[in-house]
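An overview of the molecular structure
Chain residues, written in single-letter form:
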Amino acid sequence: MGNPCTMAGKLTNRRILVGISGGIAAYKSAELVRRLIDLGADVRVAMTKAAQEFITPLTLQALSGKPVSTDLLNTEAEAAMGHIELARWADLIVIAPASADIISRLAKGAGDDILTTLCLARRCPLAIAPAMNQAMWHNSSTQDNLATLQKHNIHQFGPDKGGQACGDIGFGRMSEPNELAQEVCQLFKTRTLEGKKVVITAGPTREAIDPVRYISNYSSGKMGYALAQAAAEAGARTILISGPTNLATPEHVECISVVSADEMLEACMNQVYESHTPCDIFIASAAVADYRPVDIAQQKIKKTDQDTMMLKMIKNPDIVASIANRTDSPLMIGFAAETQNVLENAQSKLLKKQLDLVVANDVSKTNIGFNSDDNAVTIITKDAVTEVPEKSKVQIAADIIDYVATYLTKKY
Ligand code: C5P
């Protein structure tokens, strides 16, 4: 059973949709929702009609702090967050308890209520925690349905063996909420970068004009921080070199705070080439200011009678290109935030900056990218173009890290 202390923060920023189907074990779902929230997850709940006979949506709403989805055809709920949007929102759907009935409907690919429809429309992994009478569990129809779900890569947590509400003893008890929370943590944990060192730049840089003013951009740093979280979860020693952001450093990530592009370059050079542990992967996700003022005024610049003022700017060093420009460079990953000709511009960046991989995103779309929690990207190498559709930045980051880990094993 998972030790709650060592699991603390394990689900930070993870979006988990807890699906509840009809069964006496539904009372344990309330505890599961609490555990997941305690571990840092953002939790939403969807319930079948039968589930509402066992536990009220109000209880789950109070625990999750979010409206509970109970109805596919409710216009009010659809206006707040439609079912397709909710399916896209999730990084994981976990159905606990999963009754014999919902298992059968999932196996058929049904979309006849809110929960099955969310499962059909999802882009994330799905896990079920079966709970039913032992005879129903052993029934060959149930076992056939479970085999179908396994074929579709649907994860199964439990069930446990023991006393049942009906008095029978056997398989079919839903696993305890703490065990389920532990399984959820395990699902997010991959150790594909064990023993590797990853250096990631993130956030904006600030270029001083005088002691009280600077030039910067709207980068939130969310993508870089999500990449750092994913790299650390994949087992890498992860160094995040971050410009000013409001974000908390993810667990097991070493953060070096910098302000300007020059400081960021120096910290990167130190971590990649001067440190005694060699760097395996360099990811440049920072939105580095292209130019900085030539001179930083020592005193606050005073307003004058002139209507215009000139600020002479000089080009900043290109950090990712400076790191790539050596024969002993690590695997190099850059970002291309573009508003037009995304693919062409990203491909030219791949060559110009001598990168192994470019992650391109279209920042002209206002709902994703800069400052948003979601993103959709294209991963470009010299041989392949891979689309990663719109998801949370945390999930996109996990996908990018997976891709990078596979690429690394193929390259070396
Ligand atoms: O700004 P640009 O589109 O050229 O950025 C592409 C990539 O180069 C990004 O990965 C960014 O982090 C990196 N970059 C950098 N140093 C700069 C400018 C960009 O590392 N001065």
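Here, the structure is the one placed above.
Residues numbered from 1 in each chain as written. Predicted model: local features only at pLDDT ≥ 70, side-chain atom pairs only at ≥ 80, totals over all residues. Heavy atoms only, no water.

**Quick look at the overall build of the protein**
Helix and strand content of the protein: 16 helices and 19 strands. Seen along its three principal axes, the alpha-carbon backbone of the protein occupies a region of about 85 × 55 × 40 Å. When each of the 412 residues of the protein is scored for burial, the buried share is 50%. With an accessible surface of roughly 20,100 Å², the protein has 50% of that area assigned to carbon and sulfur atoms. Averaging the locations of the 41 positively and 46 negatively charged side chains of the protein gives two centres separated by 2 Å. (Helix = DSSP H or I, 4+ residues; strand = E, 2+ residues; numbered from the N terminus. Buried < 20%, exposed > 50% of the residue type's maximum accessible area, 1.4 Å probe, protein only. Areas by Shrake-Rupley, 256 points an atom, 1.4 Å probe, with all protein chains shown as cover. Lys, Arg positive; Asp, Glu negative; His and termini not counted. Charge placed at Lys NZ, Arg CZ, Asp CG, Glu CD.)

**Some remarks on the site of the ligand**
In the vicinity of the ligand there are 13 residues, among which Ala284, Ala286, Phe335, Lys349 and Lys353 approach most closely. For the ligand, a nitrogen atom lies 2.9 Å from a polar atom in the backbone of isoleucine 319. Taking lysine 353, its side chain carries an N or O atom lying 2.7 Å from an oxygen atom of the ligand. Relative to its unbound accessible surface of 440 Å², the ligand loses 85% to contact with the protein. Within the shell around the ligand, the residues separate by chemical class into 7 nonpolar, 2 polar and 4 charged. (Near = heavy atom within 4 Å. Polar contact = N/O pair within 3.5 Å; in protein donor to acceptor, adjacent residues only side chain to side chain. Nonpolar A, V, L, I, M, F, W, Y, C, P; charged D, E, K, R; others polar.)

**Notes on the sheet that holds strand β3 (residues 92-98)**
Here we have 5 strands laid out as an open sheet, ordered β2-β1-β3-β4-β5, and parallel in their pairing. Edge positions in the sheet fall to β2 (42-47) and β5 (155-156), since each has one partner strand and no second. Of the pairings in the sheet, the one linking β3 to strand β4 (residues 126-130) comprises 4 bridges and is parallel in character. The residue of β4 that forms the bridge with valine 94 is alanine 127. (Pairing = 2+ DSSP bridges.)

**Considering the packing of aromatic side chains**
To describe a pair of aromatic rings, one takes the distance between the centres and the angle between the planes. In this structure the tally under the stated criterion is 0 aromatic pairs. Directly above the aromatic system of tryptophan 89 lies the positively charged group of arginine 44, at a separation of 5.6 Å from the ring centroid. (Phe/Tyr/Trp six-rings, centres within 6.5 Å; stacked < 30°, edge-to-face > 60°. Lys NZ or Arg CZ within 6 Å of the ring centre and 35° of its normal.)

**Concerning the pattern of salt bridges**
By the definition in use, this model includes 18 salt bridges. A salt bridge links glutamate 254 to arginine 237, with the nearest nitrogen and oxygen atoms 2.9 Å apart. Taken together, the residues span a long stretch of sequence, with glutamate 254 in strand β12 (residues 253-257) and arginine 237 in strand β11 (residues 237-242) at a distance of 17 residues. For aspartate 328, the salt bridge goes to arginine 326, with nearest N and O atoms at 3.0 Å. For arginine 326, a relative accessible area of 39% translates into the label partly exposed. (Salt bridge = Lys/Arg side-chain N within 4 Å of Asp/Glu carboxyl O.)

**Let's talk about the sheet that holds β12**
A sheet is described by the order of its strands in space; here 8 strands give the open sequence β12-β11-β8-β13-β16-β17-β18-β19, paired in mixed fashion. A strand with exactly one partner marks an edge of an open sheet, and here the two such strands are β12 and β19 (385-392). Each strand axis lies, on average, 20° off the axis of its neighbour in the sheet, ignoring direction. In terms of strand pairing, strand β17 (residues 357-362) meets strand β18 (residues 374-380) through 3 bridges, oriented antiparallel. Its bridge partner being in β18, valine 359 is matched across the sheet by isoleucine 379. Those strands touched by helix α15 (residues 342-352) are β16 (331-338), β17, β18 and β19, and its axis lies near 155° from that of β17. (Axes fitted to C-alpha atoms, helices over the stretch in contact; angles between N-to-C directions. Contact = heavy atoms within 4.5 Å.)

**A few points about a nonpolar patch on the surface**
A cluster of nonpolar side chains, contributed by Tyr291, Met309, Leu311 and Met313, occupies part of the molecular surface with about 380 Å² of accessible area. Among the structural elements, leucine 311 can be located in the loop between β14 (291-293) and β15 (313-315). (Patch = residues over 30% accessible without salt bridge, like charges linked within 9 Å, V, L, I, M, F, W, Y side chains within 5 Å.)

**A few points about the environment of valine 358**
Residue placement: valine 358 occurs in strand β17. Sequence separation between valine 358 and serine 348 is 10 residues; the distance between their C-alpha atoms is 9.8 Å. Apart from the residues lying within four places of it in its own chain, the contact partners of valine 358 are Gly334, Ala336, Ala346, Lys349, Leu350, Thr378, Ile379 and Ile380.

**Comments concerning the pairing of β19**
As paired elements, β18 and β19 share 6 bridges and run antiparallel to each other. The residue of β19 that forms the bridge with asparagine 375 is lysine 391. Hairpin connection, β18 to β19: the antiparallel pair is bridged by 4 residues.

**Let's talk about the environment of proline 317**
By the secondary structure assignment, proline 317 is in the loop between β15 and α14 (319-324). Residue proline 317 is classed as partly exposed on the basis of its relative accessible area, which comes to 22%. Note: C-alpha distance between proline 317 and glutamate 344 (27 residues apart in sequence) is 23 Å. Once residues lying within four places of it in the same chain are set aside, the contact partners of proline 317 are Asp262, Leu265 and Arg292.

**Focus on helix α11 (residues 177-188)**
Given a rise of 1.5 Å per residue, 12 residues ought to cover 16 Å, and the 17 Å separating the end C-alpha atoms of α11 matches this to within 8%. Those residues of α11 not exposed but buried are Pro177, Asn178, Leu180, Ala181, Val184, Cys185 and Phe188. Angular distribution of buried residues about the axis of α11 spans 160°; they occupy a single face of the element. (Expected span 1.5 Å × (residues − 1). Arc of directions from axis to C-beta.)

**Topic: the environment of lysine 108**
Summarising the element assignment, lysine 108 is placed in helix α7 (residues 100-108). On the basis of relative accessibility, which here comes to 67%, the residue lysine 108 falls in the exposed class.

**As for the packing of α7 against helix α8 (residues 114-121)**
At their nearest, the axes of α7 and α8 sit 10 Å apart, and the two run at 40° to each other. With respect to α8, the element α7 is oriented oblique. Between α7 and α8 lies a crossing of right-handed hand. Contact residues: α7 offers Ile102, Arg105 and Leu106, while α8 offers Leu115, Thr116 and Cys119. Each residue belonging to the contact of α7 with α8 can be placed in one class, and the counts come to 4 nonpolar, 1 polar and 1 charged. (Parallel < 35°, antiparallel > 145°, perpendicular 65-115°, else oblique. Left-handed = near helix turned anticlockwise from the far one by under 90°.)

These results come straight from atomic positions and should not be treated as a statement about function.
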